[in-house]
Structures are given as C-alpha cells and as structure tokens.
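# Chain and residue survey
Now for the letters of each chain:
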Amino acid sequence: MRNYAVIDKFTFMKISIIIPVYNTEKYIYRCLISCLKEQDITPEEYEIIVVNDCTPDNSMSIVKDISNQYPQVRIIQMPCNSGQPAARNAGLNEAQGEYIFFLDSDDWIHPHVLQSMYTYASTHQLDLMPFGFILSHEFDDEKYCAVYNNSQEIMTGQSYCLTQKIFLLVPWAALYRREWMLENKLKFNEIIRYHEDEEFTPRAYFMAKRVSYFPGPCYEYRFKPSGTNSTSSKTYLRAHCYFTAAKSLYNFQQNYSMESDKARQYINTRIAYCIKMAISLSREKNLRKAIKESEFYPLKDLQLSNKLQDKIKLFILNHSMSAYYFISSLTQKIHF
C-alpha cells in the first residue's frame, strides 16, 4: 500500500518540496515563486515545506507573506540552528507526498516541470529519478547545462553511477520516492553539517533499484564563488565533515551489497575524494593521525581508470599528506 496522504478519493499528494532556509533573504522569494507560479500541477497535489533553521535575517518574513497567499506552503521551525542535513530530515519527517524534492533556498526550478517530472517517476515506479540542471553564475550571465545521460533506460542506482562520466553528487538533482526512503531508513547524516551531499547521495543511488534519467534541465543552481562554503573561517569543521563522510561511506560499503567490483571501487573513489578534500583543507595533526589509523587507509582504487596522473596522486596521498597539502595549496584546484 502506498504511504502518502490522500486529499480526497480523487486526489493525493504527489510531491513534497523541502526547502531549508538560512540566510537567504536575497534569494528565497524567487525560489518559492518558481514553485508556485507557472507550474503544471494543481495546488492540492503538492506541498512546499519550508524549514526555518533559525535564520537571523528577514527570510522568514518573506516566506510568511507568501504562505498567506498560497496554502500549499507550510513552515516548520527548528528549535536551534542545526544545519542543512537536520533541516532536510525535519522536512522529510513531515512530508506527505509520494515523491520528495530537495530544493535549496537560493536556487529555483523551471516553469512547467513538476507534473511532468512526477508523471515520469510514478509511471516507471522509480525509486530515484535524476534530472538535468543548469549552473547559473551569480555575477555574470554564464550558464552551464549539466545533462548526465541521454539514455532513459531503467537500471539500478549502482549501474547508473558507473555509466556517468561526469556526475555531480548533489541531492537536489533528483526526485526520491518517499516510501522507498522510509523502507531503507535513508536520511541525511546530521553529524555532517557541511558537504553532506558527498555522503548522502552515493548511499541513495546505491540503494535504489529503479533509476532512470528524466530528460531536460529542471533546476537552476546558483553558483556563488564567494559563498559560505568558499570561506576559510570554517575549514576546520569542513575538513572533519569530509573525514566523517569518508568513514560513513566505508561502513556503508562494508555492510551493503555491492553489485560488482567496479561498484565497490566507485565507493572507494568517493572515500578518496573526501579524504583528499579533508587533507587539502587542514594541516591538523590529530586529523591526519585519525586518517592514517582508519581502516580504509592507505587509499585504493582511486579511479575506475588506469591513468598515470591518477596513480601519481594516489601515491602522494598515501605516502605524504604534507606533500599533498602543499601541492593543493599551490594549485588551489586538484582534480580526481
């Protein structure tokens, strides 16, 4: 039996859009209006759950004004500032829709997409439905359209990950079937306040049995080069969050069924990425000591390829964290 709210005998809640809000006064109006105007779904068939993570700015005044006009908008108040993972989980606990859509409060969605997205996901009984999106630079007109895979074949999430040459691990670029999430106890790790996407998204895809790509960009991601995650004031916490994500992914890999050696290598790649980021962010001795004592170090299977540059990076990462930190400090941008 499907586990979503029935409005009446002809209508049920199709989509729950979950929007955590913290310090986005400048963007929240456009975010909400994109979900409310020019959409191809009736107001009774979807809900917008705005989670106030104790934002200190004027964001919630804007949200309240909009909620007074649109009954499908409802507000959840966090008891204290808890971070985006906890806010998303709070929204998920209250959600009633058949599918979940995580939307960041500084982004927006395209017109006339909600009904078509829902129809595709529900018709194919998908656990998870990725879709294309556009990266939009805040300070210029540059845009980049990210389309993962033109194939609409239905496959497992593990197979889907292995077919993608370029694949951004972000939770907002997909619909998730709520009942499937509940059955698998799939939630965000609230300990990981920053870069939680790196831990949540691989688990979500690897648990999904039915995944298919929805064609066409549906989402606009606002790229802010000097945003909160680009500052140096929280590098200590960010580094530890990456390390926590790596440990969680390793435990997941050890305890969840992998379809192939390549699938296991894929998780190793994500672990290596998290460790690479942790080392490049912090020179803290205790952190490096913890990494060296972890079960997954030395790192292996960094890439699903045999490129020489990948082998060199892996060698440096495994033999000298100081050297790797020095190189990353010089280049500012090291690709895995």
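### Some points on empty space enclosed by the protein
Take a probe with the size of a water molecule and roll it over the atoms, and the empty space left behind shows itself. According to the stated counting rule, one finds one cavity of 30 Å³ or more in the structure shown. When its volume is computed, the largest cavity comes out at roughly 50 Å³. Considering the residues around the largest cavity, the lining is formed by Asn 268, Ile 271, Ala 272, Phe 296, Leu 299 and Lys 300. Of the residues assigned to the lining of the largest cavity, the class counts are four nonpolar, one polar and one charged.

### Some words on the packing of aromatic side chains
By convention here, two paired aromatic rings are described through the distance between centres and the angle between planes. Within this structure, the stated rule accounts for 19 aromatic pairs. On the numbers, 5.8 Å between centres and 15° between planes, the contact of Tyr 160 with Tyr 205 is stacked. Of the two residues, Tyr 160 is situated in helix 5 (residues 157-163) and Tyr 205 in helix 7 (residues 197-207); the sequence distance between them amounts to 45 residues. Each of the two residues, Tyr 160 as well as Tyr 205, counts as buried. Connected via pairs of aromatic rings, a cluster forms that spans Phe 101, Phe 131, Phe 133, Trp 172, Tyr 219 and Tyr 221. Taking NZ or CZ as reference, Arg 30 lies 3.7 Å from the ring centre of Trp 108, over its face. For Arg 270, the ring lying beneath its charged end belongs to Tyr 273, and the centroid distance is 5.0 Å.

### Here we look at the pattern of salt bridges
Under the counting rule described, the total for this entry stands at ten salt bridges. Across the salt bridge formed by Lys 14 and Glu 45, the nearest N and O atoms sit 3.2 Å from each other. Separated by 31 residues along the polypeptide, Lys 14 in the loop between strand 2 (11-12) and strand 3 (15-21) and Glu 45 in the loop between helix 1 (28-36) and strand 4 (46-52) bring together distant segments of the chain. For the residue pair Lys 14 and Glu 45, the accessibility class agrees, reading buried in each case. The residue Arg 74 makes a salt bridge to Glu 47 at a minimum N-O spacing of 3.0 Å. Linking Arg 74 in strand 5 (residues 73-77) with Glu 47 in strand 4, this pair joins segments that are 27 residues apart in sequence. Arg 74 sits in the partly exposed class, given a relative accessible area of 27%. By relative accessible area, Glu 47 is classed as buried at 4%. Salt bridges here are not isolated pairs; linked through shared partners, they connect Arg 88, Asp 104, Glu 196 and Asp 197.

### Re the pairing of strand 3
Of all the seven residues making up strand 3, seven are buried; the element is thus mostly covered by neighbouring parts of the structure. Covered by surrounding structure in strand 3 are Ile 15, Ile 17, Ile 19 and Val 21 together with Ser 16, Ile 18 and Pro 20, the residues of both alternating faces. Of the strand pairs in this sheet, strand 3 and strand 4 are connected by seven bridges, and their pairing is parallel. Considered in strand 4, the bridge of Ile 18 is made with Ile 49. The handedness of the strand 3 to strand 4 crossover, carried by helix 1, is right-handed.

Criteria and cut-off values
Per chain, the residues get numbers from 1 upward, laid out in the order the sequence is written. Restriction of local features to residues with pLDDT of at least 70 applies here, the model being predicted, together with a cutoff of 80 or more for giving and counting side-chain atom pairs; totals for whole chains, interfaces and linings are based on all residues. Side-chain metrics in this entry use all non-hydrogen atoms of the structure; hydrogen atoms and water are not considered. Two kinds of site are reported from a 1 Å grid over the protein atoms alone, namely cavities, where a 1.4 Å probe fits but cannot get out, and pockets, open sets with protein on both sides within 12 Å along at least five of seven lines, and residues are called lining when an atom falls within 4 Å of a point. Grid points are joined across faces, edges and corners, and a volume is the space filled by probe spheres set on the points. Following the grouping adopted for this structure description, the nonpolar residues are Ala, Val, Leu, Ile, Met, Phe, Trp, Tyr, Cys and Pro, the charged ones are Asp, Glu, Lys and Arg, and the polar ones are all others, Gly among them. Two rings from Phe, Tyr or Trp (for Trp, the six-membered ring) form a pair when their centres are within 6.5 Å of each other. A pair whose planes differ by under 30 degrees is stacked, one over 60 is edge-to-face, and the rest are tilted. Secondary structure elements are taken from DSSP: a helix is a run of H or I of four residues or more, a strand is a run of E of two residues or more, and numbering for both begins at the N terminus. In this scheme, a residue with accessible area under 20% of its type's maximum is buried, one over 50% is exposed, and one in between is partly exposed, where area comes from a 1.4 Å probe on protein chains only. Either the NZ atom of lysine or the CZ atom of arginine qualifies as a charge over a ring when it sits within 6 Å of the ring centre and within 35 degrees of the ring normal. Whenever Lys or Arg places a side-chain nitrogen within 4 Å of a carboxyl oxygen from Asp or Glu, that contact is recorded as a salt bridge. Two strands qualify as a pair provided that DSSP identifies no fewer than 2 bridges between them. Note on handedness: a clockwise path from strand one over the helix to strand two, with the strands aimed away from the viewer, defines a right-handed crossover.

Nothing here speaks to function; it is all geometry.
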